[in-house]
Amino acid sequence: MNRSFVKIPLIAIGLMGWVSIPMACSGNHATEQTDSHDHDSHDDHDGVDPHDEKEHAGHDHSGLISLDRHEAERFGVRTEKIEAGDFTDVILVSGRIESKASDEGIATATRSGILTLQPDINTGVKVVTGAVIGNIRSASVQGGDPSVQAVAARDAAKRELDRLAPLHKDGVVSTQKYNEALAAYENAEASLRSSRQGSASIVAPKAGIITQLLAKTGEYVETGQKIAVISGNTKLTLRADVPEKYMSVLAGIESANFRAASSEHTYDLEDMGGKLISNSSVAVAQKGYIPMYFSFDNNGQVTPGTFAEIYLKSATRHSVVSVPKVSIVEINGNKCVYTRHGEGHYEKHVVKTGASDGMRIEILSGLNPGEEVVVDGAQVIRMAETSATAVPGHTHNH
């Protein structure tokens, strides 16, 4: 088999280099390509056996994509040797990432008034214990500044006490009545001292992430009202809502992979210290679903309260060929992967896929164990291939 190389610029991906397509001729006909021979007539082929000419017309014009090693490194192309191994079947369900009730803290209003949250306070923000979340001022409350009212109340109580003091000394007013006036004055004085603080701060009762804000700037809040919910950064709960039809297999499920709705990254619970905290024997079915709960360490990249796509791990199969999800490229409705052949040469394979565990995909056909598959940068190879198909791939000099 003879190969020749055609160099073309990789303009599509901005590579400062060339791609060479070594073309191979075999006995298989390539239906997706046409022969680029420049043959005006049979008279131009004096000395060529017509039988050989017919054979030549059936040659396959496929080839390898060549990408310079330095350019491959620049664009993050990385490969992995694929070997058959264990593969865990999964049940794909939906669910939610939740905070553990014991790991939550509630920030509350310490007085009534108008709330002003700090500018950087929002859901998803990390705070430390004692961090100021917002402030409450009472000056704008309907009825006026409470400190003004407290001064008036204190002054009235003082006048009453001053009036009764000489009368009590002369025995005209009883001791009980005098003591009541004295207590009223002391209470009014205490209220005045409190109101003169002018505002009160709302602080985080613990370190963690703000998962809920139950009031907003400009709202009137009452003393004791909940302002924010803070989830600690230690443990989170993954709730999987499993359809009842999977009841019989739930007893064999001990772990899962999951992907938050707002992320493209899939996490393995086993890598996050995850463990099952309830199974089918204790779960209660609700509206056709059985909830399963897993506990795991929060790595700071997962936000409580978000929905998730969950891959429950069930039976394990052996000698399964699989590739990372990022290796798969869809081309004209076909699923394809690229393998590396030597220094900087790549080849496309159309594959048939099977199950996915959220991180890897089973390969049923089209790829053999031991092949070196592109696991990062597959789209770069795809764009190089697209550029190559725009140029005739095979020429002959006669």
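Rules and cut-offs
Residue positions within a chain follow its written sequence, with the count starting from 1. In keeping with the model being predicted, local features are shown solely for residues with a pLDDT of at least 70 and side-chain atom pairs are shown and tallied solely at 80 or more, while totals for entire chains, interfaces and linings include all residues. Water and hydrogen atoms were dropped before computing side-chain values, which therefore reflect all heavy atoms in the structure. Within this document, salt bridges are pairs made up of a side-chain nitrogen of Lys or Arg and a carboxyl oxygen of Asp or Glu, the two lying within 4 Å of each other. By the criteria applied, helices consist of DSSP H or I runs no shorter than four residues and strands consist of E runs no shorter than two, each listed in order from the N terminus. Buried residues are those whose accessible area, probed at 1.4 Å on protein chains only, stays under 20% of the maximum for their type, while exposed residues exceed 50% and partly exposed ones sit between those limits. We define the nonpolar core as a collection of buried residues of types Ala, Val, Leu, Ile, Met, Phe, Trp, Tyr and Cys that are connected through side-chain atoms lying within 4.5 Å of one another. Residue contacts are defined here by distance: any two heavy atoms, one from each residue, within 4.5 Å place the two residues in contact. We treat two strands as partners when DSSP finds at least two bridges between them.

Caption draft 1: Inspection of the pattern of salt bridges at higher detail. In this structure the tally under the stated criterion is 16 salt bridges. Here D162 makes a salt bridge to K158, at a shortest N to O gap of 2.8 Å. Note that D162 and K158 are positioned in helix α3 (residues 146-169) at a spacing of four residues, about one turn of the helix. Owing to a relative accessible area of 42%, D162 belongs among the partly exposed residues under this scheme. When its relative accessible area of 31% is taken as the criterion, K158 is described as partly exposed. A single network of salt bridges, built from pairs that share partners, joins D89, R317 and E362.

Caption draft 2: Inspection of the nonpolar core at higher detail. Ranked by size, the top nonpolar core spans 23 residues in total, and within it I97, L238, F258, F296, I310 and L312 carry the most contacts. Contact partners of F258, with chain neighbours within four places excluded, come to I97, L238, H265, T266, Y267, L269, M272, F296, V302, E309 and I310.

Caption draft 3: Geometry of the pairing of strand β17 (residues 235-243). Relative to β17, strand β8 (residues 85-99) runs antiparallel, the two being bridged by six bridges. Across the sheet, residue E98 finds its bridge partner in β17, namely T237. Alignment of β17 against strand β21 (residues 289-297), held across nine bridges, turns out to be antiparallel. Paired with R239 across the two strands is Y293, which belongs to β21.

Caption draft 4: Representation of unusual backbone geometry. Residues other than glycine seldom take positive phi values, yet S319 does so here, at roughly 55°. Topologically, S319 is positioned in strand β22 (residues 307-320). Phi is positive for N332, close to 50°, though the residue is something other than glycine. Inspection of the secondary structure assignment puts N332 in the loop between β24 (329-331) and β25 (334-340).

Caption draft 5: Summary view of the sheet that holds strand β14 (residues 208-213). Reading across from one edge, β9-β16-β14-β11 is the order of the four strands in this open sheet, with antiparallel pairing throughout. Of all the strands in the sheet, just β9 (104-108) and β11 (126-127) have a single pairing partner and so form its edges. The sheet contact formed by β14 and strand β16 (residues 226-231) spans four bridges and is antiparallel. Bridged to I210 within β16 is I230.

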